[in-house]
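Here is how the chains run, residue by residue.
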Amino acid sequence: MQAIHVSYALLRQPVEYLFLSDLIRVILLGIIEGVTEFLPISSTGHLLIVEKFGLGARSDLFNIGIQAGAILAVTLIYWRRIWQLLTQWHDAANRDYLFKLAVAFLITAVLGFIAVKMGFTLPETVTPVAWALVIGGVWMIAAERLAARQPERTEVTWKVAILVGIAQMIAGIFPGLSRSASTIFAAMLFGTSNRAAATEFAFLVGIPTMYAASGYELLKVVKDGGAAHEDWTALAVGFVVSAIVAFVAVKWLLGYIRTHTFTPFAIYRIAFGVALLLLVPAGA
């Protein structure tokens, strides 16, 4: 009988270790998604890289779930502003801002649909992501300097709304560019030079865009039968971790940009991208 108990304990240890190890990986992925989704450093690029280097690839549904956690966080942060835009129609400024958000979203949706129909797919190798990190970082530094020369403007023009919609679509096709970086700097360069105002518009446009993209991907996964084999415990943990971390990260970012530039993020992107290009074989 004692031998049986000993054998059972020996068999049980690897199972517990594997569960704990997988739980840690799920938590780490949730943290990475929460930190990188709205900071201008590319969440898709970082998730692809960490999956390649040890955390393991997860299902499409899992990736959708942790992204949804980050979207929920930023929705909660902006809930008063969203409520104001949706309910105070008598205010002309609110109507104008809401229409611009809608146009930017529709441009992204239409162009994104066309890109999908044309067969554009995300790269599954590290090298193009590394190049996107470097190029995006250099562009951020240049754009920051150009924006600093412009007079302080908080207004979101129609040109800004249109270009933000286009920038969102481009960032969706090229992981590593970063959706938040592309949209924030599109706004800053073409009319909304105030960092806080540009960031708010970029994040508010991102909310319906990311909900729509996540919903679309979710429907595809369910239709293909992927939900039947999903680890729902891991998905729930990743969702909660991502939501909490994203809430903290976005709150911090909104305070940070009031008195600081985005240049440190650009330097990080360049350093990270160059490191990947030097350490990873071409095409890996």
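Treat the numbers as computed from the prediction; the structure is a model and nothing was measured. All residue numbers refer to position in the chain's written sequence, counted from 1. Selection of residues for local features in this predicted model requires a pLDDT of at least 70, selection of side-chain atom pairs for listing and counting requires 80 or more, and totals for whole chains, interfaces and linings are taken over all residues. For side-chain calculations, the full set of non-hydrogen atoms in the structure is used, while hydrogens and water are omitted.

Caption draft 1: Examining the UniProt feature "transmembrane region" (unreviewed entry) in the chain more closely. UniProt records the feature "transmembrane region" (unreviewed entry) for residues 23-49, 61-79, 99-116, 128-148, 160-177, 234-254 and 266-283 in the present numbering. Secondary structure across residues 160-177 comprises 78% helix and 0% strand; the distance between its end C-alpha atoms is 19 Å. UniProt positions are given in the numbering used here, feature names are shortened, and annotations may be inferred rather than shown by experiment. What counts as a helix is a DSSP run of H or I of at least four residues, what counts as a strand is a run of E of at least two, and both are numbered from the N terminus.

Caption draft 2: Just the pattern of salt bridges, in detail. Throughout this description, the term salt bridge denotes a Lys or Arg side-chain nitrogen within 4 Å of a carboxyl oxygen of Asp or Glu. In the structure shown here, the tally under the stated rule is three salt bridges. The shortest N-O distance in the salt bridge between Arg81 and Glu200 comes to 3.6 Å. Separated by 119 residues along the polypeptide, Arg81 in helix H4 (residues 79-87) and Glu200 in helix H9 (residues 195-223) bring together distant segments of the chain. Three labels apply to residues, based on accessible area from a 1.4 Å probe with only protein chains included: buried if under 20% of the type maximum, exposed if over 50%, partly exposed otherwise in between. Judged by its relative accessible area of 23%, Glu200 is partly exposed. The partner of Lys100 in a salt bridge is Asp96, with the nearest N and O atoms 2.7 Å apart. Note that Lys100 and Asp96 are positioned in helix H5 (residues 92-117) at a spacing of four residues, about one turn of the helix. The class of Lys100 is buried, set by a relative accessible area of 4%.

Caption draft 3: Molecular detail of unusual backbone geometry. Positive phi values are uncommon outside glycine, yet Ser42 reaches one of about 80 degrees. Residue placement: Ser42 occurs in the loop between helix H1 (2-36) and helix H2 (43-55). A positive phi angle is found at Ser178, which is not glycine, with a value near 85 degrees.

Caption draft 4: Spatial organisation of helix H3 (residues 60-77). Each residue after the first adds 1.5 Å to the expected span of a helix. Look at H3: 26 Å from first C-alpha to last across 18 residues, which is about the 26 Å you get at 1.5 Å a residue. Taken residue by residue, H3 has Leu61, Phe62, Ile64, Gly65, Ile66, Gly69, Ala70, Ile71, Ala73, Val74, Thr75 and Ile77 as its buried positions.

Caption draft 5: Focus on the packing of aromatic side chains. Note on aromatic pairs: the rings of Phe, Tyr and Trp (six-membered ring only in Trp) are paired at centre separations within 6.5 Å, and the planes decide the class, stacked below 30 degrees, edge-to-face beyond 60, tilted for the rest. Tallied over the entire structure, the rule returns eleven aromatic pairs. Relative to Phe265, the ring of Tyr256 lies with its centre 5.8 Å away and its plane at 80 degrees, an arrangement referred to as edge-to-face. Each member of the pair, Tyr256 as well as Phe265, carries the same accessibility label: buried. Note on Phe262 and Phe265: the rings are 6.3 Å apart at their centroids and 45 degrees apart in plane angle, and the pair reads as tilted.

Caption draft 6: Seen up close, a nonpolar patch on the surface. Patch membership is restricted to residues that have no salt bridge and whose relative accessible area is over 30%. Joining uses 9 Å for like charges and 5 Å for the nonpolar side chains Val, Leu, Ile, Met, Phe, Trp and Tyr. Using a 1.4 Å probe, the Shrake-Rupley method yields the accessible areas, and only the shown protein chains count as cover for residues. Among the surface-exposed residues, Leu72, Leu76, Tyr211, Val240, Ile244, Phe247 and Val248 lie close enough to one another that they form a single nonpolar patch of about 600 Å² accessible area. Considering every element that reaches the nonpolar patch, the biggest residue donor is helix H10 (residues 232-256), with four residues.

Caption draft 7: Highlighting the packing of helix H7 (residues 158-173) against helix H8 (residues 179-189). All axes are obtained by fitting lines to C-alpha atoms, using only the stretch in contact for helices, and the reported angles, taken between N-to-C directions, cover 0 to 180 degrees. Packing of H7 against H8 brings their axes to within 8 Å, and their N-to-C directions diverge by 155 degrees. As summarised for this structure, H7 and H8 are arranged roughly antiparallel, according to the angle between their axes. Crossing handedness for the pair H7 and H8: right-handed. On H8, the residues that touch Val160, Leu163, Val164, Ala167, Gln168 and Ala171 of H7 are Arg179, Ser182, Thr183, Ala186 and Ala187. Classifying every residue of the contact of H7 with H8 by side-chain character gives seven nonpolar, three polar and one charged. Note on angle classes: values under 35 degrees are labelled roughly parallel, values over 145 roughly antiparallel, values of 65 to 115 roughly perpendicular, and the remainder oblique. We call a crossing left-handed when the near helix sits turned anticlockwise from the far one by less than a right angle, and right-handed when that turn is clockwise. Residue contacts are defined here by distance: any two heavy atoms, one from each residue, within 4.5 Å place the two residues in contact. By the convention adopted, Pro, Cys, Tyr, Trp, Phe, Met, Ile, Leu, Val and Ala count as nonpolar, Lys, Arg, Asp and Glu as charged, and the other residues, Gly among them, as polar.

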